[in-house]
Amino acid sequence: MSSSFSASFLSPPVASGRRAWRRVGVAPLSTAPAEVAVEESRLECRVEERDGYWVVKEKFREGLNPQEKAKIEKEPMKLFMENGIEELSKLSMEEIDASKLTKDDVDVRLKWLGLFHRRKHQYGRFMMRLKLPNGVTTSQQTRYLASVIRKYGKDGCADVTTRQNWQIRGVVLADVPEILKGLAGVGLTSLQSGMDNVRNPVGNPLAGIDPEEIIDTRPYNNLLSQFITGNSLGNPAFTNLPRKWNVCVIGSHDLYEHPHINDLAYMPATKNGRMGFNVLVGGFFSAKRCAEAVPLDAWVPEEDIAPLCGAILEAFRDLGTRGNRQKCRMMWLIDELGIEGFRAEVVKRMPRQELERASSEDLVKKQWERRDYFGVHPQKQEGLSFVGIHIPVGRVQADDMDELARLADEYGTGELRLTVEQNIIIPNIQNSKLEALLKEPLLEKFSPEPPILMKGLVACTGNQFCGQAIIETKARALKVTEEVQRRVTVTQPVRMHWTGCPNTCGQVQVADIGFMGCMARDENKKPVEGVDVFLGGRIGSDSHLGDVYKKAVPCKDLVPLVVDILVQHFGAVPREREEEEED
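Reading guide: rules and limits
- Residues numbered from 1 in each chain as written.
- Predicted model: local features only at pLDDT ≥ 70, side-chain atom pairs only at ≥ 80, totals over all residues.
- Heavy atoms only, no water.
- Core = buried A, V, L, I, M, F, W, Y, C linked by side-chain atoms within 4.5 Å.
- Buried < 20%, exposed > 50% of the residue type's maximum accessible area, 1.4 Å probe, protein only.
- Helix = DSSP H or I, 4+ residues; strand = E, 2+ residues; numbered from the N terminus.
- Domains from an automatic or database assignment.
- Contact = heavy atoms within 4.5 Å.
- Buried area = accessible area lost by both parts, 1.4 Å probe.
- Salt bridge = Lys/Arg side-chain N within 4 Å of Asp/Glu carboxyl O.
- Polar contact = N/O pair within 3.5 Å; in protein donor to acceptor, adjacent residues only side chain to side chain.
- Nonpolar A, V, L, I, M, F, W, Y, C, P; charged D, E, K, R; others polar.
- Axes fitted to C-alpha atoms, helices over the stretch in contact; angles between N-to-C directions.
- Parallel < 35°, antiparallel > 145°, perpendicular 65-115°, else oblique.
- Left-handed = near helix turned anticlockwise from the far one by under 90°.
- Phe/Tyr/Trp six-rings, centres within 6.5 Å; stacked < 30°, edge-to-face > 60°.
- pLDDT = per-residue confidence, 0-100.

Visitor: Explanation requested: the nonpolar core in the structure shown.
Guide: Among soluble globular proteins, nonpolar side chains are generally buried collectively. By size, the foremost hydrophobic cluster in this structure holds 58 residues, and its most contacted members are Leu110, Trp166 and Val171. Ranked by residues supplied to this core, first place goes to helix α12 (residues 398-411) with six residues. Core analysis: the next-biggest nonpolar cluster, separate from the first, contains 51 residues, Cys45, Ala237, Phe238 and Ala298 among them.

Visitor: Mind showing me how you'd approach the domain arrangement of the chain here?
Guide: Often, the extent of an interface is quoted as the loss of accessible area on bringing the components together. Considered domain by domain, the chain is made up of domain 1 (74-187 + 372-450), domain 2 (213-370) and domain 3 (456-574). The C-alpha-based centres of domain 2 and domain 3 are spaced at 30 Å. Each partner contributes to the interface: domain 2 provides 13 residues, whereas domain 3 provides 12 residues. Of the roughly 1,100 Å² buried where domain 2 meets domain 3, counting both sides, 65% is carbon and sulfur surface. Taken together, domain 2 and domain 3 are joined by zero salt bridges. Taken together, the connections running from domain 2 to domain 3 amount to zero residue pairs in polar contact (both at pLDDT 80 or more). Grouping the amino acids of the side of domain 2 that touches domain 3 by side-chain chemistry returns six nonpolar, three polar and four charged.

Visitor: Would you explain the packing of helix α6 (residues 139-150) against α12 in this entry?
Guide: In helix packing, the relevant descriptors are the interaxial angle and the interaxial distance, both defined with respect to the helix axes. α12 packs onto α6 with a crossing angle of 165 degrees between their chain directions and a minimal axis gap of 8 Å. Judged by the angle between their axes, α6 and α12 are roughly antiparallel. Seen along the crossing, α6 lies across α12 with a hand that is left-handed. Only Ala398, Asp399, Met401, Asp402, Ala405, Arg406 and Asp409 of α12 make contact with α6, whose side of the interface consists of Ser139, Thr142, Arg143, Leu145, Ala146, Ile149 and Arg150. Residues of the contact of α6 with α12, tallied by class, amount to six nonpolar, two polar and six charged.

Visitor: Before we go on, may I ask you to explain unusual backbone geometry in this structure?
Guide: A negative phi angle is the norm for most residues apart from glycine, just as the trans form is the norm for most peptide bonds. The phi torsion at serine 232 lies on the positive side, around 70 degrees, for a residue other than glycine. In this fold, serine 232 is placed in the loop between α8 (218-229) and β10 (247-249). Judged by relative accessible area, serine 232 falls into the partly exposed class, the value being 30%. The residue aspartate 297 is not glycine, and still its phi comes out positive at about 55 degrees. As for its placement among the helices and strands, aspartate 297 is situated in strand β15 (residues 294-301).

Visitor: Would you mind going over the packing of aromatic side chains with me for this structure?
Guide: A ring pair, where both rings are aromatic, is described by two values, the distance of the centres and the angle of the planes. Taken as a whole, this structure holds six aromatic pairs when the rule is applied. Centroid distance tyrosine 220 to phenylalanine 277: 5.2 Å. Interplanar angle 85 degrees. Geometry classified as edge-to-face. With tyrosine 220 in helix α8 and phenylalanine 277 in strand β12 (residues 274-281), this pair connects stretches of sequence that are 57 residues apart. Looking at tyrosine 220, the relative accessible area reads 6%, which means it is buried. Where tyrosine 256 meets tyrosine 373, the ring centres are 6.0 Å apart and the plane angle is 65 degrees; that geometry is what we call edge-to-face. A residue pair is termed long-range when its members are at least 10 positions apart, and tyrosine 256 in the loop between β10 and β11 (264-271) and tyrosine 373 in the loop between β16 (361-362) and β17 (375-378) qualify at 117 residues.

Visitor: How do you make sense of the confidence of the model for the chain when you look at a structure like this?
Guide: If pLDDT is low for a region, its predicted coordinates should not be looked at in detail. Confidence in the prediction for the chain averages 90 pLDDT; 92% of positions are at 70 or higher. Contacts from residues 1-35, a stretch scored under 50 in pLDDT, to residues over four places away or in other chains number 86 contacts.

Visitor: Would you mind showing me how to read the side chain of aspartate 104 here?
Guide: With respect to the helices, strands and loops of the structure, aspartate 104 is situated in helix α5 (residues 100-107). Among the residues examined, aspartate 104 registers a relative accessible area of 14% and is labelled buried. Apart from residues lying up to four places away in sequence, aspartate 104 is in contact with Glu73 and Arg109.

Visitor: Where do I start with the side chain of glutamine 164 in this structure?
Guide: Summarising the element assignment, glutamine 164 is placed in the loop between β8 (157-160) and β9 (166-172). The class for glutamine 164 is buried, based on a relative accessible area of 1%. In terms of polar contacts, glutamine 164 uses its side chain to reach the backbone carbonyl oxygen of leucine 418, at 3.2 Å. If sequence neighbours within four positions are ignored, glutamine 164 has contacts with Leu132, Asn134, Gly135, Asn200, Pro201, Val202, Gly203, Asn204, Pro205, Leu418, Thr419 and Val420.

Visitor: What is the right way to read the pattern of salt bridges from this model?
Guide: A side chain with one charge can pair with a side chain of the opposite charge if their charged atoms come near. Tallying each qualifying case throughout the model produces 57 salt bridges. A salt bridge links lysine 103 to aspartate 107; the nearest nitrogen and oxygen atoms lie 3.3 Å apart. Here lysine 103 and its partner aspartate 107 are both found in helix α5, four residues apart, which amounts to about one turn of the helix. Residue class for aspartate 107 comes out buried when judged on its relative accessible area of 17%. Here arginine 357 and aspartate 297 are joined by a salt bridge, their closest N and O atoms 2.9 Å apart. Highlighted residues: arginine 357 in the loop between α11 (339-349) and β16 and aspartate 297 in strand β15, separated in sequence by 60 residues. Taking relative accessible area as the criterion, aspartate 297 reaches 30% and is therefore assigned partly exposed. Overlapping salt bridges, with partners in common, bring together Glu73, Lys74, Lys100, Asp104, Asp105 and Arg109 in one network.

Visitor: Quick question: what am I supposed to make of helix α7 (residues 176-185) here?
Guide: Owing to its 3.6 residues per turn, the α-helix brings residues three or four apart onto one side. Residues Val176, Pro177, Ile179, Leu180, Gly182 and Leu183 constitute the buried set of α7. Against the buried residues of α7 lie α3 (84-88), β5 (115-117), β6 (125-129), α6 and β9. With its phi angle positive at about 80 degrees, glycine 187 sits one or two positions after the end of α7.

Visitor: How do you make sense of the packing of α8 against helix α9 (residues 305-319) when you look at a structure like this?
Guide: For the pair α8 and α9, the least separation of the axes is 10 Å and the interaxial angle reads 45 degrees. As the angle between them shows, α8 and α9 are arranged oblique. Considering only the axes of α8 and α9, their crossing is right-handed. Residue-level contacts link Tyr220, Leu223, Leu224, Phe227 and Ile228 of α8 to Ile305, Ala306, Cys309, Gly310 and Leu313 of α9. By residue class, the composition of the contact of α8 with α9 is nine nonpolar, one polar and no charged.

Now the structure itself:
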């Protein structure tokens, strides 16, 4: 597939000073769009290009949020594209904090380089988020990341994220220029992975090896990542978005990629004998609102995935609001313009100003039981298998990463696949080597056959490192699940997700049972760490966001509540009763 797509998209016409109006649809797609009046002036582009970077026009700067003001004060991408990181890395944290400009560099602008200062819990240290399209990583890359975190001792570790990605922890600023060079040397980048940028493109973790796959999502996601980041050199066309933005390409009936919670999801569909994609837009989570993606009523041939992505990003960049951060995600713009109005703005920005309507030839089966990738499974390639292993809440240490790299080399082809459930798949294993692999000591820690409640356990970083998190998540998620497992027998998978705060990085709304960190009060009315409990989230073709089941539950009271939920809603049997029945 060619990757030489045009990156030049047409800019929208600028409205005149007079007030003009046009009609656009705003109703849900399940009904005929209602007609409402939208001022023509609302469709004026709010940004302009200056010296190679996009900035908010002077006339639209009233009421900007602090993050937007930081972008205006200094272009974040200059830290990378004009090597500003070299000078910044030479300063001490005391020198940095003495100036608002440099303090904002480390707390805000460095996120454009994938660097997140842990000011609250690890002052002077950073989490670094990578770009890892489709979650594919090599043994060489894994060893390099292990070498970075190892030097930081107890402060260094890595996480598999809910976007099929690596995050490494403990990084100090003085090391960043050298780390960036090291990343480039192994084919990695951290560029444009945080703040108001496009996040890691997600795809089928079994791409290219799955006997049941519809398409191999790897080339599409590689292309999207190259397009968005300018081949890892920086692409300012897409770095000043109103908010973060997620994209995925669907490759199997299992919907491992969770299309309904992405700002843009490509759903495989044919049209008149051509391979391509129907398009969903607008899915997102935030502290104040969560929304499922909706159909754009659009289909693109496979060679147009990058132009469409660019057109949607430009419409969002040009017209999205930049005031209240809770109302800056793309779905708010879709709500304001209506789906047809938003679609019209996307069409304007397509290279030929054309966009076909959705195809009726959707290739994703509506009735499909989602497959479990844990354990040993045959690949489409004869004589080869993949093994899915469980990484408890996604946390790994340097030695773990080195061992994972060794297993990938010794038993496979030097490749690992990350999943959005924070687990890892080792592909391309010769069947004759499976028995030896399964006896490896590391697989006692990272089991191919985890307990049923551990299989679907996901947890965000929590307040061990994240300054936004209200509660500790990873260790607590494991502890609560282990105790619940001792009390009940569960015969069906139950996905339990933990997130430390309402930003919901742990995606609790798509879980069967979700736990969102908050402050609660114990029996003595004293403030303690607690959670809001969510119930009923679903993924797959019948996706549905969960609802709040019970608010402000003290964490110490969770085990009996979860046991009760499992018995009442998921057919679990209390072990005491099970033992009585056996007697």
